[in-house]
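The residues making up each chain are set out below.
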Amino acid sequence: MLDLKKDFPIFHTHPDLIYLDSAATSLKPQSVIDKLHEYYTDFTANIHRGIYKNAEKATEEYEETRKVVAKFINANRLEEIVFTRGTTEGINLVASTIGLDSIERGDEIVVSRMEHHSNFVPWQQLAFQTGADYKIIDLNDKYELAVTNYENGKLSLDLSGVITKKTRIMALTLVSNTLGTINPLKEIIAEAKKINPNIITVVDAAQAVPHMKVDVQQLGCDFLAFSGHKMLGPTGVGVLFGRFELLDKMSPYQYGGDMIRQVKIEATTFNDVPHKFEAGTPHIAGVIALKESIRYLQNIGFEAIRRHEQDLIKYALQALSHEFSDEVMRYGPQDTGHMGGIVTFSFKGLHPHDIVQILDEENIAVRAGHHCTMPLHDLLGVPATTRASFYIYNNENDVDKLIVGLKKAVKILK
Ligand SMILES: Cc1ncc(COP(=O)(O)O)c(C=O)c1O
């Protein structure tokens, strides 16, 4: 088991905190906080413009993060890394540039039932705007995409009728933020491209990049978006990976400073990729500190991170079914090998909000609600669920405390 609480100052401030809401946002280690502080105290300046020492240092630190990110996700070139405000902005950027420019009436856009609203609503609205057909991949009874089937651990896919020659965009999440399901996107993308080589594939990697090795070349995707704040980094900063050939042809997302080459009254020419997509002053401190979160994760190593989370969810699932057996309804794959560090459940007859309020009295932070997946909750047949999400700083003691808290909640509410 990893033992990392000491690196996270929030546990010095609140030694009793049991934080089980990392799928919403992660805690921050000292090294990330120090880097933010260093930018604000030692070398505050805007980037790409000034030619004095602090401006050069800020630019260097900002662009260094681009290098670290490119290597981290194995992008082909630096220009494929665009800094955004987060996953939501990355997906909206794709939908409102290449999406709006290339989709026509009768084209198809494919998403799944388990998408976070950030990877659902932008495509739904694009379909409304363009007259495209909006198609949803549903789930099977194992809480996995209905196009997948595992037999004796071997995956088979059936995308017939789902992906057609008319499908222009397929946007899917790599890991579900509600079910924890890990989707076999490498295989799905390869199969979809076989059916339609012109398809544009978009990966929502918000719940994947913090927890597992993500390699954009291996995945074979065209775009991939993630958020800094779920991977130990600052809020308000994220990354959009895009294949250079596509980014280079795409129209800008926003207009303003830094994204232009020349502005005349008659016309404007735009800067090169990726700066064409980074209009205005970005979250400089956030981008600079993001590389510290990546370094922290790399120092631990994704094999160790994955093992740690797997051990914790196995322990939590066993404890839940042992203590509450058929009182508790769990939503997610049975095979923990297909799951990230997320355990979502509900208790018959009890409202998730009441449960988490009682847990909060014990300093246990757990999420109740629809987790920005309302179409998924429609399928589950409940308006809300309770979600405990684990990360590198959690341990078995946190699970034990959760179980004690849940027992108290059930006793009070029944
Ligand atoms: C799977 C998934 N996609 C997208 C998002 C949106 O991320 P952000 O709010 O950082 O833009 C989240 C956030 O919870 C998520 O879990």
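Keep in mind that what you see is a predicted model, and the values were worked out from it rather than measured.

Observations concerning the packing of aromatic side chains
Centre-to-centre distance and the angle between the planes together describe a pair of aromatic rings.
(1) Moving on: Applying the stated rule across the entire model yields 14 aromatic pairs.
(2) Moving on: Judged by centre distance (4.9 Å) and plane angle (70°), the rings of F8 and Y393 are edge-to-face. Residue F8 is found in the segment before α1 (10-13), and its partner Y393 is found in the loop between β17 (385-389) and α13 (396-413); the two are separated by 385 residues along the sequence.
(3) Moving on: Of the aromatic side chains, those joined through ring pairs into one cluster are F8, F11, Y19, Y296, Y391 and Y393.
(4) Moving on: The ring centre of F11 lies 4.6 Å from the NZ or CZ of K5, which sits over that ring.
(5) Moving on: Sitting over the face of the ring of F43, K57 holds its NZ or CZ atom 5.0 Å from the ring centroid.

Things to note about the domain arrangement of the protein chain
(1) Moving on: Examined at the domain level, the protein chain breaks down into domain 1 (33-298) and domain 2 (301-413).
(2) Moving on: Computed over C-alpha atoms only, the centres of domain 1 and domain 2 are separated by 28 Å.
(3) Moving on: Both sides together, the interface formed by domain 1 and domain 2 hides about 2600 Å², and carbon and sulfur atoms give 63% of it.
(4) Moving on: The tally of links from domain 1 across to domain 2 stands at zero salt bridges.
(5) Moving on: Linking domain 1 with domain 2 are 15 residue pairs in polar contact (both at pLDDT 80 or more), by the criterion used here.
(6) Moving on: In terms of residue count, the dominant contributor to the side of domain 1 that touches domain 2 is helix α9 (residues 284-300) (three residues).
(7) Moving on: Its residues placed into classes, the side of domain 1 that touches domain 2 shows 15 nonpolar, ten polar and seven charged.

Conventions used here
- Residues numbered from 1 in each chain as written.
- Predicted model: local features only at pLDDT ≥ 70, side-chain atom pairs only at ≥ 80, totals over all residues.
- Heavy atoms only, no water.
- Phe/Tyr/Trp six-rings, centres within 6.5 Å; stacked < 30°, edge-to-face > 60°.
- Helix = DSSP H or I, 4+ residues; strand = E, 2+ residues; numbered from the N terminus.
- Lys NZ or Arg CZ within 6 Å of the ring centre and 35° of its normal.
- Domains from an automatic or database assignment.
- Buried area = accessible area lost by both parts, 1.4 Å probe.
- Salt bridge = Lys/Arg side-chain N within 4 Å of Asp/Glu carboxyl O.
- Polar contact = N/O pair within 3.5 Å; in protein donor to acceptor, adjacent residues only side chain to side chain.
- Nonpolar A, V, L, I, M, F, W, Y, C, P; charged D, E, K, R; others polar.

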